[in-house]
Amino acid sequence: MQRMPNAIQLTELNHDDLLALYAYPAGPAAPWIRVNFVTSIDGAVTIDGRSGGLGTPADKKVFQILRDLADVVVVGAGTARSENYGAAHTDSQLRMRLHHHGFGGDPTGAAPRIAVVTASADLDPTSRLFTDTGARPIVLTTAAAPAGRKRAITAAGGQVIEAGETSVTAEGLRNALEELEMRRVLCEGGPALFGDLIVAQAVDELCLTLSPMLVAGTERRIAVSPNAMPTPMTCRHLLFDDDGTILTRWVAHHTL
């Protein structure tokens, strides 16, 4: 056990420092699944059903950096609905620079695509996910999902991919993204999807922000699943902001 001596020894970080700290492994051979969450210090993952109230300036900065680095943003349908997801909007010049340095990004500067996981294909084709200007969304669903829903999603501009028979498995998700050559994966929740990935031992990394507030209430934790799956993680860094925000990055032992 160790104690951090004092704040005088902390180092100020600029934007490029943060990009380097959060860079994906160079040239991943398979999809590298990074999960990003923000939580209150008493463990709440949302306030009144949405995570935005937990965000701080530092968290929002890193949230954008993680999107700038990713090939694809994966999210569960419940989170996409409650957070009113639209297309990801990123800096095209920065994305090209990141790719040049091997950190992530995209050679053409294109923004990462949003990929929504829904076994039932239960998405509103008139929602912002399909009407927002940006890259075509991906819908990872199942063979058993109603054909009419899948046709409506396709007609609205979505790309439908069946990643399982009756459920979207972690293996199906990884295989679908591998076929699309999307290996720098950013998962933004929700708790059920994160829990499924943990149980499948598919999580390579967790970026967790602790927001300096207490919430109480009945809000859920960041991961839920029917069964526990203890997964050892190693801390890669702890970052501190003046308002008390703590940003952490953890990697799974199987990646070391």
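Here goes a summary of the coordinates provided. (Residues numbered from 1 in each chain as written. Predicted model: local features only at pLDDT ≥ 70, side-chain atom pairs only at ≥ 80, totals over all residues. Heavy atoms only, no water.)

Focus: the pattern of salt bridges
Point 1. Summed over all chains, the structure comprises eight salt bridges.
Point 2. A salt bridge links Arg183 to Glu178; the nearest nitrogen and oxygen atoms lie 2.7 Å apart.
Point 3. Take Arg183: its relative accessible area is 28%, and that puts it in the partly exposed class.
Point 4. Judged by its relative accessible area of 26%, Glu178 is partly exposed.
Point 5. Note that Arg249 is salt-bridged to Glu205, the shortest N-O span being 2.6 Å. Taken as a pair, Arg249 in strand β9 (residues 246-252) and Glu205 in strand β7 (residues 205-211) lie far apart in primary sequence, 44 residues in all. There is no split in this pair, since Arg249 and Glu205 are both buried.
Point 6. Residues participating in the shared-partner salt-bridge network are Arg34, Glu205 and Arg249. (Salt bridge = Lys/Arg side-chain N within 4 Å of Asp/Glu carboxyl O. Buried < 20%, exposed > 50% of the residue type's maximum accessible area, 1.4 Å probe, protein only. Helix = DSSP H or I, 4+ residues; strand = E, 2+ residues; numbered from the N terminus.)

Here's the deal with the nonpolar core
Point 1. Membership of the largest hydrophobic core comes to 33 residues, with the highest contact counts inside it found for Tyr22, Ile114, Val116 and Leu123.
Point 2. If you tally residues by element for this core, the top one is helix α2 (residues 57-69), at five residues.
Point 3. In this structure, Val116 is in contact with Val75, Gly76, Ala77, Ala80, Leu123, Leu129, Ile138, Val139 and Leu140, ignoring residues within four places of it in sequence. (Core = buried A, V, L, I, M, F, W, Y, C linked by side-chain atoms within 4.5 Å. Contact = heavy atoms within 4.5 Å.)

Brief notes about the sheet that holds strand β3 (residues 113-117)
Point 1. One open sheet accounts for nine strands, arranged β5-β4-β3-β2-β6-β1-β7-β9-β8; its pairing is mixed. Of all the strands in the sheet, just β5 (159-162) and β8 (233-240) have a single pairing partner and so form its edges. Taking the axes of each pair of neighbouring strands and ignoring which way they run, one obtains an average angle of 20° across the sheet.
Point 2. The sheet contact formed by strand β1 (residues 32-40) and strand β6 (residues 184-187) spans four bridges and is parallel. Among the inter-strand pairings, Val35 is bridged to a residue of β6, identified as Cys187. (Pairing = 2+ DSSP bridges. Axes fitted to C-alpha atoms, helices over the stretch in contact; angles between N-to-C directions.)

What to know about the environment of Ser211
Point 1. With respect to the secondary-structure elements, Ser211 resides in strand β7.
Point 2. On a C-alpha basis, the gap between Ser211 and Ser40 in space is 4.8 Å, while along the polypeptide they are 171 residues apart.
Point 3. Those residues in contact with Ser211 that lie beyond four places of it in its chain are Val38, Thr39, Ser40, Ile41, Leu54 and Thr56.

Regarding the layout of surface pockets
Where empty space is left in the structure can be found by rolling a water-sized probe over the atoms.
Point 1. The calculated volume of the largest pocket comes to roughly 900 Å³.
Point 2. Forming the walls of the largest pocket are 39 residues, and the residues nearest its centre are Ser51, Thr79, Glu83, Tyr85 and Glu188.
Point 3. Contributing elements (two or more residues each) for the lining of the largest pocket: β1, α2, α3 (77-82) and α8 (191-199).
Point 4. Partitioning the lining of the largest pocket into residue classes produces 13 nonpolar, 16 polar and 10 charged. (1 Å grid on protein atoms, 1.4 Å probe; cavity = no way out; pocket = protein on both sides within 12 Å on 5 of 7 lines; lining within 4 Å. Points joined across faces, edges and corners; volume = space filled by probe spheres on them. Nonpolar A, V, L, I, M, F, W, Y, C, P; charged D, E, K, R; others polar.)

Points about the pairing of strand β4 (residues 138-141)
Point 1. A two-sided burial pattern is seen for β4, the buried positions comprising Ile138 and Leu140 on one face and Val139 and Thr141 on the other.
Point 2. Pairing geometry for β3 and β4, over three bridges, is parallel. The partner of Ala115 across the bridge, within β4, is Ile138.
Point 3. With four bridges connecting them, β4 and β5 associate as parallel partners. Bridge pairing in β5 links Thr141 to Glu162.

Structural notes on the packing of aromatic side chains
Point 1. Taken as a whole and judged by the stated rule, the model has one aromatic pair.
Point 2. Ring plane angle 25° and centroid distance 5.5 Å describe the contact between Phe37 and Phe194, whose orientation is recorded as stacked. Of this pair, Phe37 sits in strand β1 while Phe194 sits in helix α8, and the two are 157 residues apart along the sequence.
Point 3. Take Phe37: its relative accessible area is 7%, and that puts it in the buried class. (Phe/Tyr/Trp six-rings, centres within 6.5 Å; stacked < 30°, edge-to-face > 60°.)

Some points on the state of the cysteines
Point 1. Counted by the stated rule, this structure contains zero disulfides.
Point 2. Cysteine Cys187 shares no disulfide, and the gap to the nearest cysteine sulfur, in Cys207, comes to 11 Å.
Point 3. Looking at the unpaired Cys207, the closest cysteine sulfur is the one in Cys235, lying at 11 Å.
Point 4. Its relative accessible area of 2% is what places Cys207 among the buried residues. (Disulfide = S-S within 2.5 Å.)

Side note on the side chain of Thr118
Point 1. In this fold, Thr118 is placed in the loop between β3 and α5 (128-131).
Point 2. Judged by its relative accessible area of 5%, Thr118 falls in the buried class.
Point 3. Only 3.2 Å separates the side chain of Thr118 from the backbone nitrogen of Asp122, close enough to count as a polar contact.
Point 4. If sequence neighbours within four positions are ignored, Thr118 has contacts with Ala77, Leu123, Val139, Leu140, Thr141, Thr142 and Val168. (Polar contact = N/O pair within 3.5 Å; in protein donor to acceptor, adjacent residues only side chain to side chain.)

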